[in-house]
Amino acid sequence: LQDKAREFARGVAGMGDFLASDGWLRRWKKRNAVGIRRGTNESQKIPEDHAQRISDFQQAINRKRGEWDYTMANIANMDETMCRFDMAPNYTNNMRGERDVRIATTGGAKRGFTVCLTACADGTKLPAYILFKERNGVIPPRVFTRLVIPENERVSASINGWMTGEKMPGYLNRVWGPNLDDVRRLIILDQARVHTMQATRDNIDDMDTDVIFIPAGCTLIVQPADVSWNKPFKCKKKKVGDWDPILSNWDLLRWKN
């Protein structure tokens, strides 16, 4: 806003030395009822019977724990979250009282990639599984030779940049991994189509793993990934000042312990 005010002032006779100071900005915003506003979007609606759904979900977990006595290290939750190359801010200057708040971007806000974050009940963080968008669903070999991939990341690609039925086995094999200690495990997923499809269920079962699905419409209440780490993860990405390297190297996404 201050830069724009100075630009306008340069075109007005006698105002070339206008500073557009912080104090001027505060007074201008007060006079014109402009304040910092959050961009509006549609949020998930919690179902009216959510209490019963959550109770049934908790009972299902307790029954499975009673049957198999999982260790905390063998209970996990995974969720996918979309990250954008242009991490636009949530807030902008806008007229007070207006219901719709639009935030301008550089155009990269619609170009993104999927990050799958998984953590166990004992606090262990499994490697992040990152899916970029590639025309053939495969990262070209020449790109792989230039990538610097941290040890706690697994990188792949899909045609649309989202987790798909074809890519779910890659996550299970490279992140969840085979059952090495012959102990039954439990993974908790939301009800995305790619999670509930029979092929995914069969792949999970082949790894001596049980799966329980988050009740529809209740992820923002009972899913650990949704409540505890997806939002902080994205907030941290927005605070990073040098997003440019990710456009050429894809090396900025580091899910550090």
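Here is what the cut-offs are and how they apply
- Residues numbered from 1 in each chain as written.
- Predicted model: local features only at pLDDT ≥ 70, side-chain atom pairs only at ≥ 80, totals over all residues.
- Heavy atoms only, no water.
- Helix = DSSP H or I, 4+ residues; strand = E, 2+ residues; numbered from the N terminus.
- Contact = heavy atoms within 4.5 Å.
- Areas by Shrake-Rupley, 256 points an atom, 1.4 Å probe, with all protein chains shown as cover.
- Buried < 20%, exposed > 50% of the residue type's maximum accessible area, 1.4 Å probe, protein only.
- Pairing = 2+ DSSP bridges.
- Salt bridge = Lys/Arg side-chain N within 4 Å of Asp/Glu carboxyl O.
- Patch = residues over 30% accessible without salt bridge, like charges linked within 9 Å, V, L, I, M, F, W, Y side chains within 5 Å.
- Axes fitted to C-alpha atoms, helices over the stretch in contact; angles between N-to-C directions.
- Phe/Tyr/Trp six-rings, centres within 6.5 Å; stacked < 30°, edge-to-face > 60°.
- Lys NZ or Arg CZ within 6 Å of the ring centre and 35° of its normal.

A. Structural context of the overall build of the chain. Looking only at helices and strands, one finds 10 helices and 8 strands in the chain. For the chain, restricting intrachain contacts to residue pairs at least 6 apart in sequence, the fraction spanning at least 24 positions comes to 69%. Accessible surface computed for the chain: about 15,700 Å², of which carbon and sulfur atoms make up 50%.

B. View of the pairing of strand β4 (residues 112-120). Buried residues dominate β4, accounting for 9 of its 9 residues. Neither face of β4 is left uncovered, since the one carrying G112, T114, C116, T118 and C120 and the one carrying F113, V115, L117 and A119 both have all their residues buried. Relative to β4, strand β2 (residues 75-84) runs antiparallel, the two being bridged by 9 bridges. What sits directly across from E80, in β4, is C116.

C. Structural context of the pattern of salt bridges. Counted by the stated rule, this structure contains 7 salt bridges. Across the pair K64 and D210 runs a salt bridge, and its minimum N-O distance is 3.8 Å. Note that K64 is positioned in helix α3 (residues 50-68) and D210 in strand β8 (residues 209-213), a separation of 146 residues in sequence. Given a relative accessible area of 7%, D210 falls into the buried group. Each of K64, R184, D205, D208 and D210 takes part in one network of salt bridges that share partners.

D. Fine view of a nonpolar patch on the surface. Residues I46, L220 and I221 make up a contiguous nonpolar surface patch of about 220 Å² in total accessible area. If you trace the backbone, I221 turns up in helix α8 (residues 219-222). For I221, a relative accessible area of 35% corresponds to the partly exposed category.

E. Inspection of unusual backbone geometry at higher detail. Even without being a glycine, A20 presents a positive backbone phi close to 50°. For D208, which is not glycine, the phi torsion reads 55° and is therefore positive. Mapped onto the fold, D208 is located in the loop between α7 (198-206) and β8.

F. Region of the structure containing the sheet that holds strand β5 (residues 128-133). Spatial ordering of the open sheet is given by β6-β5-β4-β2-β7-β8, a layout of 6 strands whose pairing is mixed. The sheet is open, and its two edges are formed by β6 (153-158) and β8, each paired on a single side. Sheet twist, expressed as the average angle between the axes of neighbouring strands with direction ignored, equals 25°. Relative to strand β7 (residues 185-189), β2 is paired through 3 bridges, and the arrangement is parallel. Residue pairing across strands places A76 opposite I187, the latter belonging to β7. Sheet strands in contact with α3 are β2, β7 and β8, and its direction is about 165° off that of β8. Strand contacts of α7: β7 and β8, with the helix running at about 140° to β8, the strand carrying the most contacts.

G. Representation of the packing of aromatic side chains within the structure. For the structure on display, the rule yields 4 aromatic pairs. With a centroid separation of 6.0 Å and an interplanar angle of 65°, the aromatic rings of Y129 and Y171 are classed as edge-to-face. Note that Y129 is positioned in strand β5 and Y171 in helix α5 (residues 168-176), a separation of 42 residues in sequence. Taken individually, Y129 and Y171 each receive the classification buried, so the pair is uniform in this respect. Clustering of aromatic rings is evident, with ring pairs tying together F18, W24 and W28. In this arrangement the basic side chain of R184 is found over the ring face of W68, its NZ or CZ atom lying 5.3 Å from the centre.

H. Geometry of the environment of I187. Tracing the backbone through its elements, the reader meets I187 in strand β7. Sequence spacing of I187 and T118 is 69 residues, and the spatial spacing of their C-alpha atoms is 9.5 Å. When residues no more than four places from it in sequence are discounted, the contact partners of I187 are A76, M78, Y171, W176, I204, T209, D210, V211 and I212.

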